[in-house]
Amino acid sequence: TVSDVPRTDFSGIEDYFTSFLTKKPQGEILQSEVTIGHNWAQDVGIYEFTFGATGDKVKGRYSFVYVWEDGEWKINHHHSSVMPEAWLGAAPKPVKKNIVKRILAKLS
């Protein structure tokens, strides 16, 4: 969520989490949807981290896939990305029909 560098091997993943933890994150799950299968489960949703080191907050979408392996649950896949609103701002309000009709009338 807070790095632009793809992490594709153990040392890269370890580096990400080591750096992340120095920021003293406190996480809160805001929305979660869990699906359970045979020897697997997935959790997708939205979470928000507050960083104790700076007070900064970041809200992100996440997904986890867990597998039951060797007698314990393990993370098979994880992805997290910053919510687009953090970069783009709030979505624009929809244009009302009467305004669209006036614009189209002026164009014709």
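Residues numbered from 1 in each chain as written. Predicted model: local features only at pLDDT ≥ 70, side-chain atom pairs only at ≥ 80, totals over all residues. Heavy atoms only, no water.

Caption draft 1: Broad picture of the environment of Ser 80. Its place among the elements puts Ser 80 in strand β4 (residues 72–82). On the basis of relative accessible area, Ser 80 is assigned to the buried category, the value being 13%. Note: C-alpha distance between Ser 80 and Tyr 62 (18 residues apart in sequence) is 4.3 Å. Of note is the side chain of Ser 80, whose polar atom sits 2.8 Å from the side chain of Tyr 47. A polar side-chain atom of Ser 80 sits 3.4 Å from the main-chain carbonyl oxygen of Arg 61. (Helix = DSSP H or I, 4+ residues; strand = E, 2+ residues; numbered from the N terminus. Buried < 20%, exposed > 50% of the residue type's maximum accessible area, 1.4 Å probe, protein only. Polar contact = N/O pair within 3.5 Å; in protein donor to acceptor, adjacent residues only side chain to side chain.)

Caption draft 2: Seen up close, the side chain of Ser 63. Note that Ser 63 resides in strand β3 (residues 57–69). The class for Ser 63 is buried, based on a relative accessible area of 18%. In contact with Ser 63, not counting residues within four places along its chain, are Asp 43, Val 44, His 77, His 78 and His 79. (Contact = heavy atoms within 4.5 Å.)

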